[in-house]
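One-letter residues, chain by chain:
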Amino acid sequence: MTAYHLIPGPDPASATSDPIRSYLADPLGHMSILYERYGDVVALVRGGNPGLYLPETTTTGTVFAFGPKQAEVILRNPTQFHSHSLISPLFPECENKDSSLRRITTGLFSHNGSVHQCQRKKVMPPFQRSFVETFSPDITCITAEITSTWDQKGPIDLAQESTTLALAILWHIVLGEKGKEYPHLLSHTRSWLEHLIGASKGYTLNLPDNPQDRVRDEASSIEATFRRLWQEALQKEQSILTQLCRHAPQGAALSETEGIGHLFTFVMAGYETVASSILWTLFLLASHPNQMAQLTEEIEGHLNGGDPSAETIRHMTYLDHVIKESLRVLPAAPICWRIAQQGAHLGPWEIPAGTEVIYSPFHIHHLAGFYDQPNTFSPDRWATLRPSAFEYLPFSAGPRKCIGASLATHIIKGVLIYLLPRYHFQLPDRIKVNLQVGITLQPAAELPMKIIPRHLASPTPSEIEGNIRHHLKFQ
Ligand code: HEM
């Protein structure tokens, strides 16, 4: 084994700039440079430290693991590479079992080993495709309600609107509540989630106005809300929550406290990722009007004026290819984290316990060796392309693969099926799009989009600038 401090990477002695700052200025671009310069295992700072997402005090350094081979090593060995909550390092009170914050943020991401396996088995049943497909009418109904005024507003901020839509749909499917009946709860949870995400960004960016206090203050009222929903679940409409309460497999019933942690994690893991995927899919279609027209034609042809059923949706192959391609070029979770345990190896290196290891679905999806013209949005490639689980991993792979993959895909499909026959999505004549990596892939600023009723649309090309052009070619 080669000594850890010899892992290639920027040399701290000769570095002219702070490596963490360079990373944060343009995470994906900086990682591409490191990958090209140093190979598939790169230490952010050679010799270890500082931590990127975990505090320096907890980590022995940060290592990037590029390419499908390294991703496979990490994802097939969950005992050597642990998942860790991004939230607990920010809040010391999470160490305390009695804190609301700890209880509501303890879901699958915080568990490892046999506890993880056991909890995962308990929560998997309601995520089966056959169950999530029963939500098609609800997805249509909520999308109709949330988007009903889009075309009367002038350009919308697509990032904001996708988030509102994703949270309302998820809130309903996971918790059995309808957004319109619970506007207060919905907006309360949303602002709290935004503060929580803000707190994690604040940590990495060292923002002076880190919103941690608000997160602390409101954790107990959020917990009370989730407990009430849990207790009321048996009387509710079908939802993931009611399934978990009513149909727990024998010997695998969840306690109320376990359930609350999971529910919160589902909303947390689902809403930004689904929102990001809706946003980027609509952006890609707006910047590729021919593909948008082809997809709209397919949807209209299959619906024939009716409502989408699970069966009809399964026949929409181009829709499937568009979503696969969108999640390839702009995956909602572009990078993911693990923490190395004693005895973990990457390539020829032994990684000390506590090393933060980052693998990148984004960079794998843009490898020319696996994808022809990787920076081109080309849904047709999926007619014949069959990558392995580690060459295409928008939902990760292995024993910790996203449990919400079918649900997320079904939501995105339902939203597109509702929107595309009604509206044309038009970008402004000129737009700057810089990619930002927080927990998910987001535009660094607003993403204005004109929503034009289909019968009034006359598509016009738009000029796209910004760092997105380093990773994507536009016609
Ligand atoms: C397009 C939307 C989504 C994307 C791109 C996505 C992506 C991912 C990825 C990449 C992971 C693995 C993270 C890692 O390796 O650390 C993951 C895990 C997870 N996701 Fe998703 N996700 C999405 C939607 C959802 C939804 C809707 C839910 C639930 C309602 C969900 C629940 C989870 C959970 C609980 C885990 C942890 C699994 C475990 O550790 O066993 N996700 N997701």
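Because the structure is a prediction, the values reported are computed rather than measured. (Residues numbered from 1 in each chain as written. Predicted model: local features only at pLDDT ≥ 70, side-chain atom pairs only at ≥ 80, totals over all residues. Heavy atoms only, no water.)

**Points about the site of the ligand**
Then step 1. Within the structure, the ligand sits among 25 residues, and His116, Arg120, Arg338, Tyr359 and Cys402 are positioned closest to it.
Then step 2. Between the ligand and His116 there is a distance of 2.6 Å, counted from an oxygen atom to a side-chain nitrogen or oxygen.
Then step 3. Top contributing element to the shell around the ligand by residue count: helix α12 (residues 256-287), with six residues.
Then step 4. A breakdown of the residues in the shell around the ligand according to their chemical character gives 16 nonpolar, six polar and three charged. (Near = heavy atom within 4 Å. Polar contact = N/O pair within 3.5 Å; in protein donor to acceptor, adjacent residues only side chain to side chain. Helix = DSSP H or I, 4+ residues; strand = E, 2+ residues; numbered from the N terminus. Nonpolar A, V, L, I, M, F, W, Y, C, P; charged D, E, K, R; others polar.)

**Focus: the packing of helix α7 (residues 136-147) against helix α17 (residues 405-419)**
Then step 1. Following both chains from N to C, one finds α7 and α17 inclined at 55°, their axes separated by 9 Å at the closest point. Between α7 and α17, the angle is such that the two are oblique. α7 and α17 meet at a crossing whose hand is right-handed. Counting all contacts with α7, which are made through Ser136, Ile139, Thr140, Thr143, Ala144 and Thr147, the residues of α17 involved are His410, Ile411, Gly414, Val415, Tyr418 and Leu419.
Then step 2. Class assignment of the residues belonging to the contact of α7 with α17 gives a composition of six nonpolar, six polar and no charged. (Axes fitted to C-alpha atoms, helices over the stretch in contact; angles between N-to-C directions. Parallel < 35°, antiparallel > 145°, perpendicular 65-115°, else oblique. Left-handed = near helix turned anticlockwise from the far one by under 90°. Contact = heavy atoms within 4.5 Å.)

**Concerning the pattern of salt bridges**
Then step 1. Applying the stated rule across the entire model yields 15 salt bridges.
Then step 2. For Glu133, the salt bridge identified is with Arg129, shortest N-O distance 3.3 Å.
Then step 3. With a shortest N-O distance of 3.1 Å, Lys413 and Asp320 are connected by a salt bridge. Of this pair, Lys413 sits in helix α17 while Asp320 sits in helix α15 (residues 317-329); the two residues are 93 residues apart in sequence, bridging distant segments of the chain.
Then step 4. Residue classification places Asp320 among the partly exposed residues on the basis of a relative accessible area of 21%. (Salt bridge = Lys/Arg side-chain N within 4 Å of Asp/Glu carboxyl O. Buried < 20%, exposed > 50% of the residue type's maximum accessible area, 1.4 Å probe, protein only.)

**Description of the confidence of the model for the protein**
Then step 1. Overall, the predicted model of the protein reaches an average pLDDT of 87, with 87% of residues at or above 70.
Then step 2. Note that residues 202-208 has pLDDT below 50 and, in this model, 15 contacts with residues that lie over four places away or in other chains. (pLDDT = per-residue confidence, 0-100.)

**Thoughts on the nonpolar core**
Then step 1. With 118 residues, the main nonpolar core has Phe64, Trp280, Phe283, Leu330, Phe425 and Ile468 as its most contacted residues.
Then step 2. If sequence neighbours within four positions are ignored, Phe64 has contacts with Tyr23, Met31, Leu34, Asp40, Val41, Val42, Leu44, Leu52 and Ile358.
Then step 3. Counting residues in hydrophobic clusters, the runner-up holds 21 residues, among them Ile7, Phe81, Ala340 and Leu346. (Core = buried A, V, L, I, M, F, W, Y, C linked by side-chain atoms within 4.5 Å.)

**Details of the packing of α12 against helix α13 (residues 289-303)**
Then step 1. At a minimum axis separation of 5 Å, α12 and α13 run at an interaxial angle of 110°. As summarised for this structure, α12 and α13 are arranged roughly perpendicular, according to the angle between their axes. For the pair formed by α12 and α13, the contact residues are Leu285, Ala286 and Ser287 on the first element and Pro289, Gln291, Met292 and Leu295 on the second.
Then step 2. Residue composition of the contact of α12 with α13, by class: five nonpolar, two polar and no charged.

**Things to note about the UniProt feature "binding site: heme" (unreviewed entry) in the protein**
Then step 1. Cross-referencing UniProt, the feature "binding site: heme" (unreviewed entry) maps to Cys402 in the present numbering.
Then step 2. Considering the arrangement of structural elements, one finds Cys402 in the loop between α16 (361-365) and α17. (UniProt positions renumbered as here; feature names shortened; annotations may be inferred.)

**Focus on the side chain of Asp26**
Then step 1. By secondary structure assignment, the location of Asp26 is in the loop between α1 (19-25) and α2 (27-38).
Then step 2. Among buried Asp, Glu, Lys and Arg side chains, Asp26 stands out as unpaired, with Lys432 the closest opposite charge at 12 Å.
Then step 3. When residues no more than four places from it in sequence are discounted, the contact partners of Asp26 are Asn467 and His470. (Lys, Arg positive; Asp, Glu negative; His and termini not counted.)

**What to know about the pairing of strand β5 (residues 336-340)**
Then step 1. In terms of burial, β5 is a largely internal element, five of the five residues being buried.
Then step 2. Of the two faces of β5, the one carrying Cys336, Arg338 and Ala340 and the one carrying Trp337 and Ile339 are both buried.
Then step 3. The pairing of strand β3 (residues 81-82) with β5 spans two bridges and is antiparallel. Bridging across to β5, Phe81 finds its partner in Ala340.
Then step 4. Where β5 meets strand β8 (residues 356-359), four bridges bridge the pair, whose relative direction is antiparallel. Residue pairing across strands places Ile339 opposite Glu356, the latter belonging to β8. (Pairing = 2+ DSSP bridges.)

**Quick look at the environment of Thr149**
Then step 1. With respect to the helices, strands and loops of the structure, Thr149 is situated in the loop between α7 and β4 (156-157).
Then step 2. Placed 302 residues apart in sequence, Thr149 and Ile451 show a C-alpha to C-alpha distance of 9.8 Å.

**Quick look at the sheet that holds β8**
Then step 1. A sheet is described by the order of its strands in space; here five strands give the open sequence β1-β2-β8-β5-β3, paired in mixed fashion. Each edge of the open sheet carries a strand with a single partner, namely β1 (41-43) and β3.
Then step 2. In this sheet, β8 lies alongside strand β2 (residues 62-65) in parallel orientation, the contact comprising four bridges. Paired with Thr62 across the two strands is Glu356, which belongs to β8.
Then step 3. α2 contacts β1, β2 and β8 of the sheet and is inclined by roughly 115° relative to β1.

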